[in-house]
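Spelled out, the chains give:
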Amino acid sequence: MQKLLIKGKKELSGKISISGSKNATLPILAASILAKHVTIKNIPLVKDIFTMVELLNFIGLKTKIIKKKNIIEIFNFDKKINTLAPYKLVKTMRAGVLVLGSLLSKYKKAKVSLPGGCAIGTRPVDLHLYALKKLGAKIKIKNGYIYAEAKNGLKGTKIRFPSISVGATENALIASFKAKGRTVLKNCAMEPEIKDLISFLKKLGANINLKGRTITIKESKVKSSSIIHQVIFDRIELGTYMIAGALLAKKNLLIDKIQPNIIKSEIDILKKIGIKIIKKKNSVNIIKGKSLKRINITTKPYPGFPTDLQAQLMVLLTQVNGVSKIKENIFENRFMHVPELKRMGAHIEIKNKTAIIKGPTKLTGAEVMATDLRASVSLVLAGLIAENRTIINRIYHLDRGYEFLERKLKNCKAEITRV
Ligand code: UD1
């Protein structure tokens, strides 16, 4: 099994270009089932994307990835379609459940494996199913599969999500495109990735309006012409490298191919902590601060602080003066990185949903184990600031979501090797 070896305490400088967003690409790929021919640019070449493409191929679509250009072309000739998402593909990548909305909308039926829990929590799909039922789908759960059917097609209606979910908003949005009449979705997630999905669906011909957390969709026909879409940048990858710069960029780390306005709350938080950030139109410059201040943060749906950056921020907070607190409000089991960070010398205590971090502490290299995607990258950040050598096991988690991680960090003078 592959491992990462990191020799810590190397100053970071240079430039990192941010890849396309994994979490924006996945629902767009799922929605491509509705189209005839789409070209999607700026896709990140990471494991989760390849798994979703494998699922599309399994369903019967034809796909062509041009790796050198980060482009995928998808053709749906409507031939030999399998309205099935099997367990072996959905279990490794939960976003597989997003094909439910498009299969149901286009082919009026779907059989999709229940994704099951994962390291960060139970992660049910009840809200996805709630919305699809409201749209008129008949749904049964049997043998670990969701059986969904809408013999006469889906029908537009008003749906208020009892709580905010990114995936349920995406599934409902895709399903509503062709639903009869008008659909109003209330209390929706409004992550930039959802806005990117909306912009893709609009190119496909959807009639969608946004107001606050309400999305209105009027029944539309899917365009038969080819469309081209460029996926937005990965704001979580950006946040991760901004934190790397906050920890180790004494002079300057330039991060480009981004839009700083999309991550305003993260930039404000880092500035409050004492990091110097200079915003430009499509880039940011990060310079490590001198005296770092404590902070209390709660993870929230966008535009709040993202749960996907919680583990990375925690590493930074081990280096600030005083006691900081992070309340994890989205997932119930997202502190798996804490025992590993403690083995490296961090002073962190967990009380219910809150991690209490005492800083500053010197971290020392150790052999640690990655548990999920974002926890893994927090261990990389910890390894970069630790004394001596850190070995990170189970790095397949990292490969699910970070494109060219070692290459990007090495280019900025980090000592990191995969063995
Ligand atoms: C997406 C992101 C993930 C991110 C998360 C929250 C993708 C591929 N993944 O995951 O990286 O951490 O948003 O920003 O985009 N919930 C239910 N019932 C449901 C659905 C969700 O109770 O049917 C709960 C979840 O358990 C969780 C909360 O709602 O506690 C938010 O989850 P959700 O926004 O749905 O996350 P995902 O779409 O799975």
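Everything quoted here is computed from the prediction, not taken from an experiment.

Caption draft 1: Structural detail: the overall build of the protein chain. Per the secondary structure count, the protein chain includes 14 helices and 24 strands. Counting only C-alpha atoms and orienting by the principal axes, one finds that the protein chain spans roughly 65 × 45 × 40 Å. Counting across all 419 residues of the protein chain, residues that qualify as buried make up 58%. At a minimum sequence separation of 6, the contacts of the protein chain that also span at least 24 residues come to 74%. Separation of charge centres in the protein chain, based on 79 positive and 29 negative side chains, amounts to 5 Å.

Caption draft 2: A look at helix α6 (residues 166-176). α6 sits mainly inside the fold: 10 of its 11 residues count as buried. Every buried residue of α6 is listed here: G167, A168, T169, E170, N171, A172, L173, I174, A175 and S176. The N-cap of α6, judged by a side-chain oxygen 3.5 Å from the amide nitrogen of G167 a few residues on, is S165.

Caption draft 3: Structural view of helix α8 (residues 235-248). Between the first and last C-alpha of α8 there are 20 Å, a value that for 14 residues agrees with the 20 Å anticipated at 1.5 Å per step. Counting buried positions along α8 gives 14 out of 14 residues, so the element sits mostly inside the fold. Here α8 starts with a cap whose side-chain oxygen sits 3.0 Å from the backbone nitrogen of I236, and that cap is D234.

Caption draft 4: Quick look at the nonpolar core. If you look at the biggest cluster of nonpolar residues, it comprises 74 residues, and the most contacted ones within it are V99, L173 and L201. Contact partners of V99, with chain neighbours within four places excluded, come to A30, I33, M52, L55, I59, A85 and V112.

Caption draft 5: Broad picture of the domain arrangement of the protein chain. By domain assignment, the protein chain separates into domain 1 (4-18 + 234-418) and domain 2 (22-217). Each of domain 1 and domain 2 has a C-alpha centre, and the two are 30 Å apart. Each partner contributes to the interface: domain 1 provides 22 residues, whereas domain 2 provides 21 residues. When the two sides are added together, the surface that domain 1 and domain 2 hide from each other amounts to roughly 1700 Å², 51% of it contributed by carbon and sulfur. Between the two partners, domain 1 and domain 2, sit 2 salt bridges. For R235, the salt bridge is made with E193, and the minimal N-O distance between the two is 2.8 Å. Where domain 1 packs against domain 2, one counts 7 residue pairs in polar contact (both at pLDDT 80 or more). Across the side of domain 1 that touches domain 2, the residue classes break down as 9 nonpolar, 3 polar and 10 charged.

Caption draft 6: Fine view of the layout of surface pockets. Taken as a whole, the second largest pocket encloses approximately 480 Å³ of empty space. If you trace the second largest pocket, you find 24 residues lining it, with S17, I18, S19, N42 and K257 closest to the centre. Contributing elements (two or more residues each) for the lining of the second largest pocket: β2 (14-17) and α14 (405-410). When residues in the lining of the second largest pocket are grouped by element, the largest group, 3 residues, is from β2. Here the lining of the second largest pocket is built from residues that sort into 8 nonpolar, 9 polar and 7 charged. Residue-level mapping places the lining of the second largest pocket at the junction of two domains, with at least three residues from each of domain 1 (4-18 + 234-418) and domain 2 (22-217).

Caption draft 7: Just the site of the ligand, in detail. Close to the ligand lie 16 residues; D126, L127, S165, D308 and I330 are nearest. Interatomic distance of 3.1 Å between a side-chain N/O atom of N23 and an oxygen atom of the ligand. For the ligand, whose free accessible area comes to 740 Å², the fraction covered by protein is 81%. Contributions of two or more residues to the shell around the ligand are made by α1 (22-31), α5 (126-134) and α6. For the shell around the ligand, the element with the most residues is α5, which contributes 3 residues. Tallied by class, residues from the shell around the ligand come to 7 nonpolar, 5 polar and 4 charged. Residue contributions to the shell around the ligand reach at least three from each of two domains, namely domain 1 (4-18 + 234-418) and domain 2 (22-217).

Caption draft 8: Structural view of the sheet that holds strand β4 (residues 62-66). Spatially, β4-β5-β3-β14 is the arrangement adopted by the 4 strands of the open sheet, whose pairing is mixed. The open sheet is flanked by β4 and β14 (227-230), the only strands paired with a single partner. Each adjacent strand pair in this sheet contributes to an overall mean axis angle of 15°, direction not counted. Sheet topology note: the strand β3 (residues 37-41)/strand β5 (residues 71-75) ladder contains 4 bridges and is antiparallel. Its bridge partner lying in β5, I40 is registered against I72. Across the sheet, helix α2 (residues 47-59) lies against β4 and β5, angled at about 150° from β4, the strand it touches most.

Caption draft 9: Just the pairing of strand β19 (residues 322-327), in detail. Looking at chain direction, strand β18 (residues 296-298) and β19 are connected through 3 bridges and run parallel. Directly across from I297, in β19, lies its bridge partner I326. With helix α10 (residues 310-317) bridging β18 and the parallel β19, this β-α-β connection has right-handed handedness.

Thresholds applied
- Residue numbers restart at each chain and count upward from 1, following the sequence in its written direction.
- Only residues with pLDDT of at least 70 get local features here, since the model is predicted, and only at 80 or more are side-chain atom pairs given and counted; chain-wide, interface and lining totals rely on the full set of residues.
- The basis for the side-chain values is all heavy atoms of the structure; hydrogens and waters are excluded.
- In this text, helices come from DSSP runs of H or I with a minimum length of four residues, and strands from runs of E with a minimum of two, each type numbered from the N-terminal end.
- A simple rule labels every residue: compare its accessible area, found with a 1.4 Å probe on the protein chains alone, to the largest value its type can have, and call it buried under 20%, exposed over 50%, or partly exposed in between.
- Residue contacts follow a heavy-atom distance rule, with two residues in contact if any of their heavy atoms lie within 4.5 Å.
- Positive charge is attributed to Lys and Arg, negative charge to Asp and Glu, and no charge count is given to His or to the chain ends.
- Think of each charge as sitting on NZ of Lys, CZ of Arg, CG of Asp or CD of Glu.
- Whenever two N or O atoms come within 3.5 Å, that pair is a polar contact, provided that in protein one can donate a hydrogen and the other can accept it, and provided that, for residues adjacent in sequence, both atoms are side-chain atoms.
- Helix span is expected to be 1.5 Å times the residue number reduced by one.
- To qualify as a nonpolar core, a set must consist of buried Ala, Val, Leu, Ile, Met, Phe, Trp, Tyr and Cys residues joined through side-chain atoms within 4.5 Å.
- Throughout, the edges of the domains are those of an automatic or database domain assignment.
- By definition, the buried area sums, over both parts, the 1.4 Å-probe accessible area that each loses when the two are put together.
- Any carboxyl oxygen of Asp or Glu within 4 Å of a side-chain nitrogen of Lys or Arg constitutes a salt bridge here.
- All residues other than Ala, Val, Leu, Ile, Met, Phe, Trp, Tyr, Cys, Pro, Asp, Glu, Lys and Arg, Gly among them, are scored as polar; the first ten of these are nonpolar and the last four charged.
- Definitions used for this entry: grid spacing 1 Å over protein atoms alone; cavity, a set of points where a 1.4 Å probe fits but cannot get out; pocket, an open set with protein on both sides within 12 Å along at least 5 of 7 lines; lining residue, one with an atom within 4 Å of a point.
- Grid points are joined across faces, edges and corners, and a volume is the space filled by probe spheres set on the points.
- Only a single heavy atom is needed: when it lies within 4 Å of a molecule or strand, its residue is near that molecule or strand.
- Using the Shrake-Rupley algorithm and a 1.4 Å probe, accessible areas are obtained, with residue cover drawn only from the displayed protein chains.
- Strand pairing requires that DSSP identify at least two bridges connecting the strands.
- Here the axes come from fitting lines to C-alpha atoms, over the contacting stretch only for helices, and the angles between their N-to-C directions go from 0 to 180 degrees.
- Seen with its strands pointing away from the viewer, a crossover is right-handed if its path from the first strand over the helix to the second goes clockwise.

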